[in-house]
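Summary of the model geometry
Each chain, written out:
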Amino acid sequence: MDIIANLLNGTLVFSTALIFAALGGLISERSGVINIGIEGFMVSGAFFSAVTAYYAEAAGFGAFSPWLGLIGAFIFTVIFSSIHAVASIKYGANQVVSGTVINILASGSTFFLVKMIFAGSAETPILANVFHKVRIPYLTDIPFIGKVFFNAYPTTYVALALVIVLHFILFKTPSGLRLRSVGEHPNAAATVGVKVNRMRYMAVILSGSLASLGGATIVLTSNSNFAYNTISGQGFIALAAVIIGRWNPIGAMLAALLFGLAQAVKDQFQIFDFAANIPTEFFYMLPYLLTLLVLIGAVGKSRAPKALGEPYEVGKR
């Protein structure tokens, strides 16, 4: 039972970053703007969280530094998300190309900035203050369940709460209805007074900031610093979670948990003797292989927002 509990707890740990990133991608695509740039936003979040937390430590903020790192990632990633928003919405650029540019730009510019800020180093210094798992009193003592759900990083609780909040906003509030309407029938939404481009700008910018929290989570929990390979394609796994989850926050969360399980299996199975006969590379490729297989199975079963990828043109029918 302990092995299963550790496996499920590890699933929560590894899926947290994917949940943040998937929620970010979901908001943008619900508004009708394709977000291939999730990887770049996660890279940006990882970089800005590491740098913000580093200087917060130097300023004496101590244990509050990781929280400032999260805030820094959320705020400064607006730089990259705004580029994607302007290119896609104002200039009607191909949204896939724009998102790809964001991935390349974020990866290249952050690596350059790390070298410039930290005297040629390829990575940021190790942070002394990062998030640690929080044991919720009494609930942690519940057999099995307590070990799985109530002994987690603060970011995990924030991510799960965001799933609930975003689901409520999307499907139970007028703002959520407007957001979904501009992704389905933007011209019909415009006829009832919805500012389509304004709504899309807000969605894309918020999308980048939410996805950045995924990158920040990796830095501020398990890695403790930023390097060029910190994200390693997890943004694309998060994009797959959006598609497999059918652009629904709860569905995206469940898909992220599935991919998180694949990463947890990698860590848990390597402790067994039989794993010594299995190449290490197999365990590292498992999350990506699972993503590919699940995506293949999901082809034709997920319906994207009708106006996804289409620039809004006034008067178009």
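Along each chain, residue indices are assigned from 1 in the same order as the chain's sequence is written. It should be noted that, the model being predicted, local features are given only for residues of pLDDT at least 70 and side-chain atom pairs only at 80 or more, the latter also being counted only at that level, while totals for whole chains, interfaces and linings use all residues. Think of the side-chain values as coming from all heavy atoms in the structure, minus any hydrogens and water.

Put simply, DSSP marks the helices as runs of H or I at least four residues long and the strands as runs of E at least two long, and each gets a number from the N terminus on. Scanning the protein from terminus to terminus reveals 13 helices and 2 strands. In this setup the radius of gyration rests on C-alpha atoms only. A globule is expected at 2.2 Å times the number of residues raised to 0.38. For the protein, the C-alpha radius of gyration of 20 Å lies close to 20 Å, the compact-globule estimate for 317 residues. For the protein, the spread of C-alpha atoms along the principal axes amounts to about 65 × 45 × 40 Å. Only protein chains enter the accessibility calculation, which uses a 1.4 Å probe. A residue is then buried if its area is under 20% of the maximum for its type, exposed if over 50%, and partly exposed in between. The buried share among the 317 residues of the protein stands at 49%.

By convention, a stacked pair of Phe, Tyr or Trp rings (six-membered ring in the case of Trp) has centres within 6.5 Å and planes under 30 degrees apart, an edge-to-face pair has planes over 60 apart, and any other such pair is tilted. Considering all chains together, one arrives at 7 aromatic pairs under this definition. When the centroid spacing of 5.1 Å and the interplanar angle of 80° are considered together, the rings of Tyr 54 and Tyr 55 count as edge-to-face. Residues Tyr 54 and Phe 118 carry aromatic rings whose centres are separated by 5.2 Å and whose planes lie at 80° to one another, so their mutual orientation is edge-to-face. With Tyr 54 in helix H2 (residues 38-58) and Phe 118 in the loop between helix H5 (95-117) and strand E1 (134-135), this pair connects stretches of sequence that are 64 residues apart. Taking the relative accessible area as the measure of exposure, Tyr 54 reaches 27% and is therefore partly exposed.

A word on the UniProt feature "transmembrane region" (unreviewed entry) in the protein. UniProt annotation of "transmembrane region" (unreviewed entry) refers to residues 6-26, 33-55, 67-89, 96-118, 152-171, 201-221, 236-261 and 282-300 when read in the numbering used here. Strand forms 0% of residues 6-26 and helix 100%; the C-alpha atoms that close the span are 29 Å apart. Along residues 201-221 one finds 100% helix and 0% strand; the C-alpha atoms at either end are 31 Å apart. UniProt positions are given in the numbering used here, feature names are shortened, and annotations may be inferred rather than shown by experiment.

Time to look at the packing of H2 against helix H10 (residues 196-223). To obtain an axis, a line is fitted to C-alpha atoms, over the contacting stretch when the element is a helix, and the angle between two such axes runs from 0 to 180 degrees between their N-to-C directions. Between H2 and H10, whose axes approach to 6 Å, the crossing angle comes to 55°. Of the possible angle classes, the one that applies to H2 and H10 is oblique. Viewed along their axes, H2 and H10 form a crossing whose handedness is right-handed. Across the interface between the two elements, Ile 38, Phe 41, Met 42, Gly 45, Ala 46, Ser 49, Ala 50 and Ala 53 of H2 pack against Gly 208, Ala 211, Ser 212, Gly 214, Gly 215, Ala 216, Ile 218, Val 219 and Leu 220 of H10. The residue makeup of the contact of H2 with H10, split by class, is 11 nonpolar, 6 polar and no charged. Any angle between 65 and 115 degrees counts as roughly perpendicular, while under 35 counts as roughly parallel, over 145 as roughly antiparallel, and the rest as oblique. Crossing handedness is read from the near helix: turned anticlockwise from the far helix by less than a right angle, it gives a left-handed crossing, and turned clockwise, a right-handed one. In what follows, residue pairs with any heavy atoms lying within 4.5 Å of each other are defined as contacts. Residue polarity is assigned by list, with Asp, Glu, Lys and Arg as charged and Ala, Val, Leu, Ile, Met, Phe, Trp, Tyr, Cys and Pro as nonpolar; anything else, Gly included, falls into the polar class.

Glycine aside, residues mostly have negative phi, and peptide bonds are mostly found in the trans state. The residue Ala 119 is not glycine, and still its phi comes out positive at about 55°. Tracing the sequence through the fold places Ala 119 in the loop between H5 and E1. When its relative accessible area of 78% is taken as the criterion, Ala 119 is described as exposed. A positive phi angle, near 50°, is found at Ser 232, a position not held by glycine. Here Ser 232 lies in the loop between H10 and helix H11 (234-244).

The next point concerns the side chain of Ser 65. Structurally, Ser 65 is set in helix H3 (residues 65-76). Any pair of N or O atoms that falls within 3.5 Å is considered a polar contact. Within protein, one atom must be able to donate a hydrogen and the other to accept it, and sequence-neighbouring residues count only if both atoms are side-chain atoms. A distance of 2.8 Å separates a polar side-chain atom of Ser 65 from the backbone oxygen of Gly 62. The residues contacting Ser 65, other than those within four sequence positions of it, are Ala 53, Ala 56, Glu 57 and Asn 129.

Attention now moves to the nonpolar core. We call a set of buried Ala, Val, Leu, Ile, Met, Phe, Trp, Tyr and Cys residues a nonpolar core when their side-chain atoms join them within 4.5 Å. Counting residues in hydrophobic clusters, the biggest one holds 66 residues, and the most contacted among them are Ile 19, Ile 38, Met 42, Val 219, Leu 220, Phe 226 and Phe 259. Residues Leu 7, Ala 264, Val 265 and Leu 286 belong to the second largest nonpolar core, which totals 5 residues.

Glancing now at H10. Taking 1.5 Å of rise per residue, the 28 residues of H10 would be expected to cover 40 Å, and the 40 Å separating its terminal C-alpha atoms lies within 8% of that figure. Fitting axes to the seven residues ending at a residue and to the seven starting there, one defines the bend at that residue as the angle between these axes. Ala 216 marks where H10 bends most, by close to 25°. Within H10, 20 of the 28 residues are buried, leaving the element largely enclosed by the surrounding structure. At the exit of H10 stands Ser 224, carrying a positive phi of roughly 70°. One fewer than the residue count of a helix, multiplied by 1.5 Å, yields its expected span.

So, on to helix H13 (residues 280-298). Since the α-helix packs 3.6 residues into each turn, any two residues three or four apart lie on the same face. Here H13 is 19 residues long and its end C-alpha atoms lie 28 Å apart, about the 27 Å a rise of 1.5 Å per residue gives. Of all the bends in H13, the greatest, near 45°, is centred on Leu 286, and the proline Pro 287 appears no more than four residues after it. Listing the buried residues of H13 in full gives Phe 283, Leu 286, Pro 287, Thr 291, Val 294 and Ala 298.

Where helix H1 (residues 2-30) meets helix H7 (residues 154-172), the axes come as close as 9 Å, and the angle between the chain directions of the two elements is 25°. Put simply, H1 runs roughly parallel to H7. Where H1 crosses over H7, the handedness of that crossing is left-handed. Mapping the contact onto sequence places Leu 12, Thr 16, Ile 19, Phe 20, Leu 23, Leu 26, Ile 27 and Arg 30 in H1 and Thr 155, Thr 156, Val 158, Ala 159, Leu 160, Leu 162, Val 163, Leu 166, Leu 170 and Phe 171 in H7. Looking at the contact of H1 with H7 residue by residue, the classes come out as 14 nonpolar, 3 polar and 1 charged.

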